[in-house]
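Topology and contacts: notes
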Amino acid sequence: MAGIVIDGISKAFGNTVALAALDLAVADREFVALLGPSGCGKTTLLRIIAGLETATTGRVLIGGRDVTNLPPRARGLAMVFQNYAVFPHLRVCDNIAFGLKMARAERTRIDRQVARTAELLQLAPYLDRYPAQLSGGQRQRVAVARALAVEPALLLMDEPLSNLDALLRLDMRAELKDVLREAGTTTIYVTHDQTEAMALADRIAVLHGGRIEQIGSPSAIYHSPATRFVGSFVGSPPMNFLRADAGRLMGIRPEDIDLVDAGAGLPFRVSVVEPLGAQTLLTGTTDGQVVRVALPGEHVIAAGATLFLRPRPDRIRWMDAATGNALAQAAG
Amino acid sequence: MMRGRALPYLLVAPAFVFLAVLFCVPLVQTIALAFQTGTGFGLGNFVQMAEDLNFNDAVVNTFRLVGVAVPLQMLAALGMAVMLGHLRAGRDLVLWIWTIPLGLSDLAAGLVWLALLNDQGYLNTVLFHLGIINGPESWLTYETPMALFAAIVIAEIWRSTAIVMVVLVAGLQLVPKEYAEAASVFGASPWKIFLRVTLPLLKPSIQSALILRTVLAFEAFAVVLAIGGRNFPVLVSEAYTWQHFNQAPAIAAAYAVVVMGISLAATVVYLRVLRTPAAQRA
Amino acid sequence: MTTRRGIYLLGVVVLCAWVLVPIWLIAANALGGQALIAAWPKPLVPTQMSLDTLRVFLAIEGVGRALWISFEVAVLCMVFSVALGLPAGYALARYSFRGANVFRVMILLTRAFPVGILALPLTVGFIRLGLYDTALGVALMHTALALPFAVLVSASLFQAIPRELEEAAWVFGCTRLSAAWRVVLPLAAPGVVATAIFAFVISWNEVFAASVLSARNRTLTAYLLAVLADSPLTYQFAGGLLLIVPSVGFIFLVRRHLFAMWGIASR
């Protein structure tokens, strides 16, 4: 088990900068999610940590040891790949044992680890099968078992759930959280899915354009976005940003807006009503700006109606309209 | 990671050096040899080549052979590819049978058809039983040029349609079924679908099949020698003759240069005429 | 709909016969025994089968030797093509490097030329190097024919193996070499075998270069070509049959890979 330090890592492909002098510290046994849209550099960062890609500048330290110039095999880590990368020519048990065999582990340890991780990921009945005989979800489990079997100092996961269908993804997410909590491995997890990051991580680092926009607990990321980008990327529907006075933007989450009596709030003309069951989602305009409102439960509201809105003051996040950065919240 | 950067070069180097030595060098040597005369460089070898009695025949025969065999092969291969699309049971068996000639040399093909077409061969046997001829009849001499030509064309088609078919079938497998289905939803008949959808999408495969086949057809000579002996000279058989029997490597090289020039020209023509514009690529 | 299907099926049967009947007839000719040689009109179904003709043919001075040399040359060509072609194909598939396109163009250029003809100027150099009239010399020339094919096919084989499998191997403790050995090669193996067999067939069938580069130590093709004019037809047919049999067998072995290989190699 080990902490990780990313020290001034940058990566340029020709003239395009994929990562700009990035710093990040991950504590021992911590689970950090790298969250961002495609092309933000999150996968590149993960691959640099793994040693599959070389950084242009900077250092990677795992457990205090500088591994920047070491090949992947010498870094003491394990990885779960997006398409699982389960070896199709090896049986499930040989896949799980692969890392230990490469490390020339003792036979007894290999057997014990294979049995333990197979048990943990409910793969025991499938140990003699080939990956082609497994479902997508089972292959995913093999990939996780193979990574955990080596008892790595650091576990890297690259969008491990993105190839699963929606229902299975929810199941696997919960299961993964359970398994990883038990294993207590330091984990860096790349995803573009904000709910996945929120559900799993101790801390989330939101990446955008090769930089870390914000790093913090899921709650901090959600409720106190440091930038306009974070507010609009995290949360579905995203945060509303309304023009206010003095070059400020008022950031407010759709569910932090209440309906009030006529005249007591901002007039809101509803254009679309989406009843989603747990929520009713309204889209409309206030003062010529598009606003989304999420009301709890079901409401009967006709498109074209005019309602009155009041943002909850304690939930408002003020932003600088020019820079997109959060302002000192005392101003609100 | 310096090793990482050098690695691809290390991996490619052996093959590169090999081809440089055994492809590029002889290519240059052939050209040099063809233009070398006793006194220096010139067209002497080409003049001597062109003045030879067989040269005109060789040129005409080569083009006749390629001009007749290659289009027929394309048509036959397209037909075979389409038929395969309609087969369910036994498709693998049929494919294997149809691709057998792929493994045969042009010499073997020549010998096979010689067995069928010689005076005492099976064709004459059949013709005799049908009452068309009364006894052994020669078809493969200089006195029967049309029959001889037909025999060689047939042997060429028999041997090398398979390769065209394989390239086309491989190409067809890359064309998604959805296109044809979309066309049929919009009311196109099977024939129209073939003509307007399948064929245009198959153009890259047709192009590479044509290049492959044409270059190989210019190269064919053993089939010609096996069936016609020296009665049907083609460019490569003449090169072989000059090298082997006349001990005149320079003239043989001149022939080689002509063959390579024609092959290259044909390739360029195919690349241009059957070009798929970048915007149309799937 | 059923008539159309009927027509297709008829076409398929006719075309199968078109391929098989001539092979059957040369076999009948070669295996028909002494009686068949002079017989006319020939029986379409041979009255007797015997290996006499084949045995006599094989006993002819030089035939057995030619057969052996053909085999030797083809095996050498196969080994060279795979040994040189696999690494190059791997590099093309996995790395983008300066000069990769030069190499690609070189490979494609070999397609626009009848490569066998390039044996002509090699005789002089081969005599000097002691390669003339040796199996090794002919095999080298045949490798020039088969290598571009081997490079293209293996490049596509490796391309079809997800890079992530290899990366996973590295992460889990493999060096580049051991990852290639433990993960890439097992997955590419069937295709590699097919490529090797094809290199064998290319060499086995080659006539021109083999004839030009040898005088006494001839391959079977070169031998048959040299004696075309002055050997009895039956022996020629026996030789033809000997040429055909291994090729047909090999095509059968690689039949599953034919399309992948040629489809790729001719892009």
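Thresholds applied
Once a new chain begins, its residue numbering starts again from 1 and follows that chain's sequence as written. Numbering of ligands from 1 and lettering of chains from A proceed in the order in which they are written. In keeping with the model being predicted, local features are shown solely for residues with a pLDDT of at least 70 and side-chain atom pairs are shown and tallied solely at 80 or more, while totals for entire chains, interfaces and linings include all residues. Processing note: side-chain calculations cover all non-hydrogen atoms of the structure and skip hydrogens and water entirely. Numbered from the N terminus, helices here are DSSP runs of H or I no shorter than four residues, and strands are runs of E no shorter than two. Only protein chains enter the accessibility calculation, which uses a 1.4 Å probe; a residue whose area is less than 20% of its type maximum is buried, one above 50% is exposed, and one in between is partly exposed. Throughout, a residue-residue contact means that at least one pair of heavy atoms, one from each residue, lies within 4.5 Å. Residue burial considers only the protein chains on display, and all accessible areas are found by Shrake-Rupley using a 1.4 Å probe. Only four residue types enter the charge count, namely Lys and Arg as positive and Asp and Glu as negative; His and the chain termini do not. Positions of charges follow a simple convention, taking NZ of Lys, CZ of Arg, CG of Asp or CD of Glu. Within 3.5 Å is the distance limit for a polar contact, defined as a pair of N or O atoms, with the added protein rule that one can donate a hydrogen and the other accept it, and that residues adjacent in sequence qualify only through two side-chain atoms. Summed over both partners, the accessible area lost on bringing two parts together, with a 1.4 Å probe, is the buried area. Any Lys or Arg side-chain nitrogen located within 4 Å of an Asp or Glu carboxyl oxygen qualifies as a salt bridge. Residue type decides the class: Asp, Glu, Lys and Arg count as charged, Ala, Val, Leu, Ile, Met, Phe, Trp, Tyr, Cys and Pro as nonpolar, and the leftover types, Gly among them, as polar. Paired strands, as defined in this entry, are two strands with at least two bridges between them according to DSSP. To get an axis, a line is fitted to the C-alpha atoms, and for a helix only the part in contact is used. The angle between two axes follows their N-to-C directions and goes from 0 to 180 degrees. In these notes the angle categories are as follows: under 35 degrees is roughly parallel, over 145 is roughly antiparallel, 65 to 115 is roughly perpendicular, and the rest is oblique. Here a crossing is taken to be left-handed if its near helix is turned anticlockwise relative to the far helix by less than a right angle, and right-handed if that turn runs clockwise. Each aromatic pair joins two rings of Phe, Tyr and Trp (for Trp, the six-membered one) with centres within 6.5 Å, and gets the label stacked for planes under 30 degrees apart, edge-to-face for over 60, and tilted for any other angle. Here, a charge over a ring is recorded when the distance from Lys NZ or Arg CZ to the ring centre is within 6 Å and its angle to the ring normal is within 35 degrees. Take the buried Ala, Val, Leu, Ile, Met, Phe, Trp, Tyr and Cys residues and link them wherever side-chain atoms come within 4.5 Å; each set so joined is a nonpolar core. All domain edges in this entry derive from an automatic or database-based domain assignment.

Here we look at the overall build of chain A
- Helix and strand content of chain A: eight helices and 18 strands.
- For the C-alpha atoms alone, the extent of chain A along its principal axes is close to 75 × 45 × 35 Å.
- Looking at chain A as a whole, 50% of its 332 residues are labelled buried.
- Sequence-distant contacts in chain A: of pairs separated by 6 or more residues, those separated by 24 or more amount to 63%.
- Accessible surface, chain A as shown: approximately 14600 Å² in total, 51% of it carbon and sulfur.
- Within chain A, the 33 negative side-chain charges are centred at a point lying 5 Å from the centre of the 35 positive side-chain charges.

Focus: the side chain of B:Asn118
- The residue B:Asn118 is located in the loop between helix H5 (106-117) and helix H6 (122-129) in this model.
- At 2.8 Å, the side chain of B:Asn118 and the backbone oxygen of B:Leu114 are in polar contact.
- Reaching out from B:Asn118, the side chain makes a polar contact with the backbone oxygen of B:Ala115 at a distance of 3.5 Å.
- Look past the residues within four positions of B:Asn118 in its chain and what remains in contact with it is B:Asn124, B:Leu140, C:Leu233 and C:Phe237.

Let's talk about the interface of chain B and chain C
- Chain B puts 92 residues into the contact, and the matching count from chain C is 88 residues.
- Counting the surface lost from both chain B and chain C, the interface buries some 8200 Å², and carbon and sulfur atoms represent 81% of this.
- Linking chain B with chain C are zero salt bridges.
- Between chain B and chain C we count nine residue pairs in polar contact (both at pLDDT 80 or more) in total.
- The leading source of residues in the side of chain B that touches chain C is helix H1 (residues 2-35) of chain B, at 20 residues.
- Of the residues that constitute the side of chain B that touches chain C, the class distribution is 66 nonpolar, 21 polar and five charged.

Examining the interface of chain A and chain C
- In this assembly, 21 residues from chain A lie in contact with 16 residues from chain C.
- Carbon and sulfur atoms make up 72% of the surface buried where chain A meets chain C, a total of about 1700 Å² over both sides.
- Among the residues chain A hides against chain C, the three largest losses belong to A:Arg73, A:His89 and A:Met102. Together they make up 33% of the total.
- A:Arg47 serves as the salt-bridge partner of C:Glu167, at 2.6 Å between the closest nitrogen and oxygen.
- Between the two partners, chain A and chain C, sit four residue pairs in polar contact (both at pLDDT 80 or more).
- Elements with a contribution of two residues or more to the side of chain A that touches chain C: strand S6 (77-80), helix H2 (92-102) and helix H4 (136-149) of chain A.

Observations regarding the sheet that holds strand S4 (residues 57-62) of chain A
All names here are of chain A.
- Taking strand neighbours across the sheet as the criterion, the four strands line up as S2-S1-S4-S5 in an open arrangement whose pairing is antiparallel. In this open sheet, the two strands that pair with only one neighbour each are strand S2 (16-26) and strand S5 (65-66).
- Across five bridges, the pairing between strand S1 (residues 4-13) and S4 is antiparallel. Counterpart to Ser-10 in the pairing with S4 is Thr-57.
- In the packing of helix H1 (residues 42-50) onto the sheet, the strands contacted are S1, S2 and S4, and the crossing angle to S1 comes to about 120°.

What to know about the packing of helix H7 (residues 145-174) of chain B against helix H1 (residues 2-31) of chain C
- Where H7(B) meets H1(C), the closest approach of the two axes is 10 Å, and the angle between their N-to-C directions is 110°. One way to sum up the angle between H7(B) and H1(C) is to call them roughly perpendicular. H7(B) and H1(C) meet at a crossing whose hand is left-handed. Listed contacts from H1(C) to B:Ile154, B:Ile157 and B:Trp158 of H7(B) are C:Trp18, C:Val19, C:Pro22 and C:Ile23.

Digging into the packing of aromatic side chains
- In total, this model carries 25 aromatic pairs over all chains according to the counting rule given.
- Between the aromatic rings of A:Phe229 and A:Phe233, the centroid separation amounts to 5.5 Å while the plane-to-plane angle is 10°, which identifies the pairing as stacked. Of the two residues, A:Phe229 and A:Phe233 are both situated in helix H8 (residues 228-233); the distance of four residues between them amounts to about one turn of the helix. One exposure class covers both A:Phe229 and A:Phe233, and it is buried.
- Arranged with centres 6.1 Å apart and planes meeting at 90°, the rings of B:Tyr240 and B:Phe245 form a pair that is edge-to-face.
- B:Tyr240 gets classed as buried once you look at its relative accessible area, which sits at 3%.
- One aromatic cluster in this structure is built from C:Trp68, C:Phe71, C:Phe200, C:Trp204 and C:Phe250.
- It is A:Arg146 that lies over the ring of A:Phe87; its NZ or CZ is 4.8 Å from the centre.
- Directly above the ring of A:Tyr222 sits A:Arg253, whose terminal nitrogen or CZ lies 4.0 Å from the centroid.

Here's the deal with unusual backbone geometry
Residue and element names in this part refer to chain A.
- With an omega dihedral of -5°, the bond running from Ser-236 to Pro-237 counts as a cis peptide bond.
- Mapped onto the fold, Pro-237 is located in the loop between H8 and strand S11 (240-243).
- The backbone of Glu-151 shows a phi angle near 45°, a positive value even though the residue is not glycine.
- If you trace the backbone, Glu-151 turns up in the loop between H4 and strand S7 (154-158).
- Residue Asp-287 is not a glycine yet carries a positive backbone phi of 55°.
- Within the element layout of this structure, Asp-287 appears in the loop between strand S15 (279-286) and strand S16 (289-296).

Details of the nonpolar core
- B:Trp98, B:Phe221 and C:Met141 are the most contacted members of the largest nonpolar core, which totals 284 residues.
- It is H7(B) that contributes the most residues to this core, 17 residues altogether.
- Look past the residues within four positions of C:Met141 in its chain and what remains in contact with it is B:Leu22, C:Val115, C:Leu118, C:Ala119, C:Leu122, C:Ala209 and C:Leu213.
- Of all hydrophobic cores here, the second largest spans 15 residues; its members include A:Ile257, A:Val293, A:Leu295 and A:Ile301.

A short note on the pattern of salt bridges
Residue and element names in this part refer to chain B.
- Enumeration over the complete set of coordinates arrives at 21 salt bridges over all chains.
- Across the salt bridge formed by Arg-213 and Glu-156, the nearest N and O atoms sit 2.7 Å from each other. One end of the pair, Arg-213, is in helix H10 (residues 203-219); the other, Glu-156, is in helix H7, with 57 residues separating them in the sequence. In terms of burial, Arg-213 and Glu-156 fall into one category: buried.

Structural notes on the domain arrangement of chain C
Residue and element names in this part refer to chain C.
- Considered domain by domain, chain C is made up of domain 1 (1-50) and domain 2 (60-261).
- For domain 1 versus domain 2, the distance between C-alpha centres works out to 32 Å.
- Contacts between the two partners involve six residues from domain 1 and, on the opposite side, six residues from domain 2.
- Interface area lost by domain 1 to domain 2 is led by Ile-26, Asn-29 and Ala-30, which between them contribute 60%.
- At the junction of domain 1 with domain 2, the criterion picks out zero salt bridges.
- The tally of links between domain 1 and domain 2 comes to zero residue pairs in polar contact (both at pLDDT 80 or more).
- With five residues, the single largest contributor to the side of domain 1 that touches domain 2 is H1.

Points about the side chain of A:Asp256
Residue and element names in this part refer to chain A.
- Counting through the fold element by element, Asp-256 comes out in the loop between strand S12 (248-252) and strand S13 (257-260).
- We classify Asp-256 as buried; its relative accessible area is 5%.
- Setting aside residues up to four positions removed in sequence, Asp-256 forms contacts with Arg-310, Pro-311, Arg-312 and Arg-315.

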